[in-house]
There are 2 protein chains.
Amino acid sequence: MALDHAILVSLLEQPGSGYELARRFERSIGYFWTATHQQIYRVLKRMESDGWIDVREVPQQARPDKKEYSVAAPGRAALAAWLHEPIEPESVRHDLAVKIRGAAFDDPAALIHEVERHHRKHTDRLAHYLAGERRDFTGPDAPGEPDAGQELQHVVLRGGIAYERMTIAWLEDVLATLRRLAAAHGTRSR
Amino acid sequence: MALDHAILVSLLEQPGSGYELARRFERSIGYFWTATHQQIYRVLKRMESDGWIDVREVPQQARPDKKEYSVAAPGRAALAAWLHEPIEPESVRHDLAVKIRGAAFDDPAALIHEVERHHRKHTDRLAHYLAGERRDFTGPDAPGEPDAGQELQHVVLRGGIAYERMTIAWLEDVLATLRRLAAAHGTRSR
DNA sequence: CTTGTTTATGCAACTCGTTGCATAGAAGGA
DNA sequence: TCCTTCTATGCAACGAGTTGCATAAACAAG
């Protein structure tokens, strides 16, 4: 049930509306947690009725009004309590690995394009992370003396970068294996 | 909905009961997909009524009878169809990263023990994977001429190994960051 | 002989996540 | 003028995943 807490952290870093949160979940928070706008609105409603967050109606020109949420004291306490609880290391859900093992019962060569597509996506994501890192942390426009929040955001981003680099290298390993199998199969069937 | 397909792959690699599948999901398949026995029994029931898998009652001595499932032709066809569909790269769910960013609004030092605990767990898991790799693929008792299925299982296992190594290195980065922040905080508060 | 462990299967209730759809104001282009 | 896009919020239904509990046969330990 960490979506609650992910939203609380995001609102502590910067108050905002459900819509703004949804966009953050496509970017920075989305590096390690995904959520759709429906999920977010539902959780916001629940947390508001529980008194964890406050709402403020913000009239806007040139666009619809929005509800800006910010964390209230009980929400902060709930987050602190969660931070002190131990959690289990994440459970993995890797569809592509299922496909790779499944390819043994089908045509391994047919997977090559799919794996190449994933390789491109992860390469793009890595470039995006690295651009964000230069912009916010290591580039010339980055703040000179980072505070604790920035240090922690940076170490999480470094995790995302490490993950993408590892994944890209592994996908290249997968591709080499699939191509070797495809070649061997071609030889045998002739 | 890839649990169906993960089960089909596992049953193709080796037919078995719901209980046996649940144990595989704690081991090899569990490297990239998790499932509880309730989930597994429920899906097995559905796939059986859809004609994707066949059941065989197997009487056993010294333990309760079991139902051994194996993949039927329609199940194999369903798996093949899924293999040819493109899938989106996995969505990440990393509670620990939420905690790390949340620590900016609490005490970063309080997270150190939690991160150390995760570090130990991942170190154990890596050792377990490496033992499995030696046993099944690179050790002296491993088969000399691996078939396609074994090659593909090995490349997936190499992915698990790469993931654990990357995670362990990142957790060390996180620990160094937390300790630096804790020391700076201690200095400032004096 | 009772208690605990392993194998083996399952129901019920609940929460979480996904998908499809609906509404609505404002801006910009065809 | 109509169509699309962007901002902004939300409902309803469904499917996936989790948690707690229940049953039962066999064996091992006390």
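Predicted, not measured: the structure shown is a model, and the values here were computed from it.

Asker: It is not clear to me how the relation of the copies chain A and chain B should be interpreted in this structure. Could you clarify?
Answerer: Applying a rotation about an axis and a shift along it to one chain copy brings it onto the other copy. Of the transformation placing chain A onto chain B, the axial shift is 0.0 Å and the rotation is 180 degrees, giving an RMSD of 0.1 Å. Here the symmetry operator amounts to a two-fold rotation axis. Identified as the residue of chain A closest to the rotation axis by C-alpha distance is A:Met166, at 3.4 Å. Most of the interface of chain A is mirrored in chain B, where 100% of its interface residues again form contacts.

Asker: Help me understand the UniProt feature "domain: Transcription regulator PadR N-terminal" (unreviewed entry) in chain A, please; the structure alone is not making it clear to me.
Answerer: Look at the UniProt record and you will see "domain: Transcription regulator PadR N-terminal" (unreviewed entry) annotated at residues 7-80 of chain A. With 47% helix and 16% strand, residues 7-80 of chain A has its two end C-alpha atoms placed 14 Å apart.

Asker: For this particular structure, what's the right way to read the domain arrangement of chain A?
Answerer: When the parts of a complex come together, some accessible area is lost, and that lost area is often used as the size of the interface. By the assigned domains, chain A splits into domain 1 (2-83) and domain 2 (95-189). Taking only C-alpha atoms, the centre of domain 1 of chain A and the centre of domain 2 of chain A are 29 Å apart.

Asker: Would you explain the side chain of A:Arg101 in this entry?
Answerer: As for its position among the elements, A:Arg101 is in helix α5 (residues 95-102). On the basis of relative accessible area, A:Arg101 is assigned to the buried category, the value being 5%. A polar contact is formed between the side chain of A:Arg101 and the side chain of B:Glu13, at a distance of 2.8 Å. A:Arg101 has contacts with B:Val9, B:Glu13, B:Ser28, B:Ile29, B:Phe32, B:Leu152, B:Gln153 and B:Val156, leaving out every residue within four places of it along the chain.

Asker: Looking at this structure, I do not really get the environment of B:Phe137. What am I missing?
Answerer: Residues and elements named next belong to chain B. Examined against the element boundaries, Phe-137 turns out to sit in helix α6 (residues 112-138). A relative accessible area of 19% means that Phe-137 is categorised as buried. With residues near it in sequence (within four places) discarded, Phe-137 still touches Gly-132, Ala-142, Gln-150, Gln-153, His-154 and Leu-157.

Asker: Would you mind showing me how to read the UniProt feature "domain: Transcription regulator PadR C-terminal" (unreviewed entry) in chain A here?
Answerer: With numbering aligned to this structure, UniProt lists the feature "domain: Transcription regulator PadR C-terminal" (unreviewed entry) at residues 92-179 of chain A. Between the C-alpha atoms that bound residues 92-179 of chain A the distance is 26 Å, and the span itself is 76% helix and 0% strand.

Asker: Explain the interface of chain A and chain B here, please?
Answerer: Between chain A and chain B, the residue contacts involve 65 residues of the former and 65 residues of the latter. Carbon and sulfur atoms supply 65% of the area that chain A and chain B bury against each other, a total of about 6,600 Å² over both sides. When the area that chain A buries against chain B is broken down by residue, the three leading residues are A:Glu90, A:Arg101 and A:Phe105, summing to 13%. Where chain A touches chain B, the interface holds 8 salt bridges. Between A:Glu13 and B:Arg101 there is a salt bridge whose closest N-O contact spans 2.8 Å. For the pair chain A and chain B, the interface holds 32 residue pairs in polar contact (both at pLDDT 80 or more).

What counts, and where the lines are drawn
Residues numbered from 1 in each chain as written. Chains lettered and ligands numbered in written order. Predicted model: local features only at pLDDT ≥ 70, side-chain atom pairs only at ≥ 80, totals over all residues. Heavy atoms only, no water. Least-squares fit on C-alpha atoms with pLDDT ≥ 70 in both. Contact = heavy atoms within 4.5 Å. UniProt positions renumbered as here; feature names shortened; annotations may be inferred. Helix = DSSP H or I, 4+ residues; strand = E, 2+ residues; numbered from the N terminus. Domains from an automatic or database assignment. Buried < 20%, exposed > 50% of the residue type's maximum accessible area, 1.4 Å probe, protein only. Polar contact = N/O pair within 3.5 Å; in protein donor to acceptor, adjacent residues only side chain to side chain. Buried area = accessible area lost by both parts, 1.4 Å probe. Salt bridge = Lys/Arg side-chain N within 4 Å of Asp/Glu carboxyl O.

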